[in-house]
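# Coordinate analysis (summary)
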Amino acid sequence: MDLRDRPQDSAFRAEVRQFLDDRLVGEFAELGGRGGSGDETFGFDVRLRWEKVLAEGGWTGLAWPTEYGGRGASMTEQVIFHEEYVRAAAPGRVSIMGEGLLGPTLIHYGTEAQKARFLPPILAGTELWCQGYSEPDAGSDLANVKTRAVLDGDEWVITGQKVWTSLAHQSDWCFVVCRTDPESQRHKGLSYLLVPMDQPGVEVRPIMQLTKTSEFNEVFFDGARTARTNIVGAEGEGWRVALATLAFERGVALLGHQLGFVREFDRIVAVAKQNGRSRDPVIRQRLAQAHAELTIMRYNTLRSLSGIDGPVAPPEASIAKLYWGSWHRRLGELALDVIGPAALVVGGKDSADYELDEFQRPFLFSRAETIYGGSNQIQRNIIGERVLGLPPEPKGSS
């Protein structure tokens, strides 16, 4: 794999940089790149306005086909955009669920009417989406979905609960995996519905975390309704569509995520040099190890993306998820060790009103990163069975 820019790549990189230099000013620049993982509620209104700036410049739907309003960017161009975006310390995106997950799913599986209705507002940043997958008994075991939907004339009526729903309290719509065949079990009999959030029968309860943020939510459906036509794919084909959405989640945006890690790592190194901890041979070795692993992470991700076209998640995606989630958790631990005893002290007036700094916050939130999107244990099962060809994990009797 040749990672050097070709002339056309250099021209595209210059175009991205020029746009960011011109438009990333004022309140947008003041965010300093914040709004990423574990910090998703920070400056939300400003970041929502930034989405519209990106849309006006034609930088939303980067990978979408041009016939659906996208830019039709190649994989190389997508990588370049994410590299420059993170290097410019641009705000964390708020439309990832719509643009990165639902949009590509609709392009592949939606009807033309669904595409015409839902894709333009996603591109414009005027409608936000959340993902209704996980439930109290259907987290890593997603096929155990119990939320049900039944037809009542021209509408689906949804009853059940979802949990760990990112930014549900800010979203206009939710793509929900429901059980539409009450006699079905496991992955059979599921359907993929598009459900408006602002209606009677939908209750959102934010989940307060150690980071003092609440980007995760519980969502309760009690007779919520959506049009019969708001089903993606055929009735009972929800499992196939849901897996396609998960495949898009493992896409090129991970490279931008990793460049955010680079900035975070560089700050830790700077602190280590400033306070003298870099002279500690153990700390120095751990910093070197973290740097080497971060470089490996980037090259493995680039390799796994080579030749990918459409909603197909290669088994290497599980390797990448296991790798980066575990790495970032270790980096958080390293950051606190670099700071020393002061890292154990939080700001604020009292224990109920504490404030976390830029190192404490990712240290705490990184605990979730080895769970959401498929826990480490589940990723190891996938790697063992689908990559290494090991016998499947024994299933309990039902």
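Above this text sits the structure in question.
Residues numbered from 1 in each chain as written. Predicted model: local features only at pLDDT ≥ 70, side-chain atom pairs only at ≥ 80, totals over all residues. Heavy atoms only, no water.

### Here's the deal with the pattern of salt bridges
We count it as follows: Any carboxyl oxygen of Asp or Glu within 4 Å of a side-chain nitrogen of Lys or Arg constitutes a salt bridge here. Counting from the N terminus, the helices are DSSP H or I runs at least four residues long and the strands are E runs at least two residues long. Only protein chains enter the accessibility calculation, which uses a 1.4 Å probe. A residue is then buried if its area is under 20% of the maximum for its type, exposed if over 50%, and partly exposed in between.
Enumeration over the complete set of coordinates arrives at 23 salt bridges. Between Glu112 and Lys115 there is a salt bridge, with the nearest N and O atoms lying 3.1 Å from each other. In this pair, Glu112 and Lys115 both sit in helix α6 (residues 112-124), 3 residues apart, roughly one turn of the helix. On the basis of relative accessibility, which here comes to 53%, the residue Glu112 falls in the exposed class. Among the residues examined, Lys115 registers a relative accessible area of 8% and is labelled buried. Because the salt bridges share partners, they merge into one network encompassing Arg13, Arg17, Glu83, Glu84, Arg87 and Arg298.

### Describing helix α3 (residues 44-56)
Applied cut-off: In a helix, the anticipated span is given by 1.5 Å times the number of residues less one. Directions are taken from the helix axis to each C-beta atom, and the arc is the one they span. Residue contacts are counted whenever heavy atoms from the two residues lie within 4.5 Å of one another.
Relative to the 18 Å expected for 13 residues at 1.5 Å per residue, α3 spans 19 Å between its end C-alpha atoms, a close match to the ideal helical length. Considered for burial, the residues of α3 that qualify are Phe44, Val46, Arg47, Trp50, Glu51, Val53 and Leu54. The buried residues of α3 occupy one face: seen down the axis, they fall within an arc of 165 degrees. Away from its buried face by more than 90 degrees, α3 exposes Asp45 and Glu56. Elements in contact with the buried residues of α3: α1 (7-23), α2 (26-30) and α4 (75-87). Where α3 ends, the next residue or the one after it, Gly58, has phi of about 80 degrees, a positive value.

### Section: the nonpolar core
Here is the rule we go by: Residues enter a nonpolar core if they are buried and are Ala, Val, Leu, Ile, Met, Phe, Trp, Tyr or Cys, with the set joined through side-chain atoms within 4.5 Å.
Counting residues in hydrophobic clusters, the biggest one holds 25 residues, and the most contacted among them are Leu102, Trp129, Phe175, Tyr192 and Leu194. Broken down by secondary-structure element, the contributors of at least two residues to this core are α5 (96-109), α6, β4 (173-179), β5 (190-196) and α7 (238-249). A per-element tally of this core places α5 first, with 5 residues. Those residues in contact with Leu194 that sit more than four places away from it in its chain are Leu102, Leu106, Phe118, Trp129, Trp173, Cys174, Phe175, Thr226, Asn230 and Val232. Ile268, Leu287, Trp327 and Leu334 belong to the second-largest nonpolar core, a separate cluster that totals 20 residues.

### What about the packing of aromatic side chains?
Definition in use: When two rings of Phe, Tyr or Trp (its six-membered ring) have centres within 6.5 Å they constitute a pair, described as stacked for plane angles under 30 degrees, edge-to-face for angles over 60, and tilted for the intermediate range. Charge-over-ring placement is defined geometrically: NZ (Lys) or CZ (Arg) within 6 Å of the ring centre, and within 35 degrees of the ring normal.
Counted under the stated rule, the structure contains 16 aromatic pairs. Where Phe118 meets Trp129, the ring centres are 5.5 Å apart and the plane angle is 75 degrees; that geometry is what we call edge-to-face. With Phe118 in helix α6 and Trp129 in strand β1 (residues 129-132), the pair connects residues that are 11 residues apart, well separated along the chain. Both rings, one in Phe118 and one in Trp173, keep their centres 5.0 Å apart while their planes meet at 80 degrees; by these two values the pair is edge-to-face. With Phe118 in helix α6 and Trp173 in strand β4, this residue pair connects regions lying 55 residues apart in the sequence. Neither residue differs from the other here; Phe118 and Trp173 are each classed as buried. Within the aromatic cluster, the residues linked to one another by ring pairs are Phe12, Phe19, Phe28, Trp50, Trp59, Phe81 and Tyr85. A cation over a ring is seen here: Arg34 above Phe42, with NZ or CZ 3.5 Å from the ring centre.

### Some details on the pairing of strand β2 (residues 148-152)
Put simply, the rule reads: By definition, two strands form a pair when at least two bridges between them are found by DSSP.
In terms of strand pairing, β2 meets strand β3 (residues 155-162) through 5 bridges, oriented antiparallel. Bridge pairing in β3 links Leu151 to Trp156. A loop of 2 residues connects β2 with β3, the two strands running antiparallel in sequence, and Gly153 in this loop sits at a positive phi of about 70 degrees.

### Focus on a nonpolar patch on the surface
For clarity, the cut-off: Think of a patch as exposed residues, more than 30% relative accessible area, with no salt bridge, where like charges cluster within 9 Å and nonpolar side chains (Val, Leu, Ile, Met, Phe, Trp, Tyr) cluster within 5 Å. Under the convention used here, a 1.4 Å probe and the Shrake-Rupley method define accessible areas, while residue burial counts only the protein chains that appear.
Together, Ile319, Val387, Leu388 and Leu390 line one region of the surface with nonpolar side chains, adding up to about 350 Å² of accessible area. The class for Val387 is partly exposed, based on a relative accessible area of 38%.

### Digging into the packing of α5 against α6
In plain terms, the rule: Axis definition: a line fit to C-alpha positions, over the contact stretch in the case of helices; interaxial angles, taken between N-to-C directions, run 0 to 180 degrees. Between 65 and 115 degrees an angle is taken as roughly perpendicular, under 35 as roughly parallel, over 145 as roughly antiparallel, and anywhere else as oblique. It is the rotation of the near helix from the far one that decides the hand of a crossing: anticlockwise by less than a right angle makes it left-handed, clockwise makes it right-handed. Throughout this entry, Asp, Glu, Lys and Arg are counted as charged residues, while Ala, Val, Leu, Ile, Met, Phe, Trp, Tyr, Cys and Pro are counted as nonpolar. The remaining residues, Gly among them, count as polar.
Running from N to C, α5 and α6 cross one another at 160 degrees; their axes reach a closest spacing of 10 Å. Taken as axis vectors, α5 and α6 run roughly antiparallel relative to one another. As α5 runs across α6, the sense of the crossing is left-handed. In this structure, α5 contributes Gly98, Glu99, Leu102, Gly103, Leu106 and Ile107 to the contact, and α6 contributes Gln114, Lys115, Phe118, Leu119 and Ile122. Along the lines of polarity and charge, the residues of the contact of α5 with α6 split into 6 nonpolar, 3 polar and 2 charged.

### A word on unusual backbone geometry
Positive phi values are uncommon outside glycine, yet Ala89 reaches one of about 55 degrees. Mapped onto the fold, Ala89 is located in the loop between α4 and α5. Backbone geometry at Leu167 places phi at a positive 55 degrees, although glycine is not the residue there. Examined against the element boundaries, Leu167 turns out to sit in the loop between β3 and β4. Judged by relative accessible area, which is 12%, Leu167 ranks as buried.

Shape is all these values report; function is a separate question.
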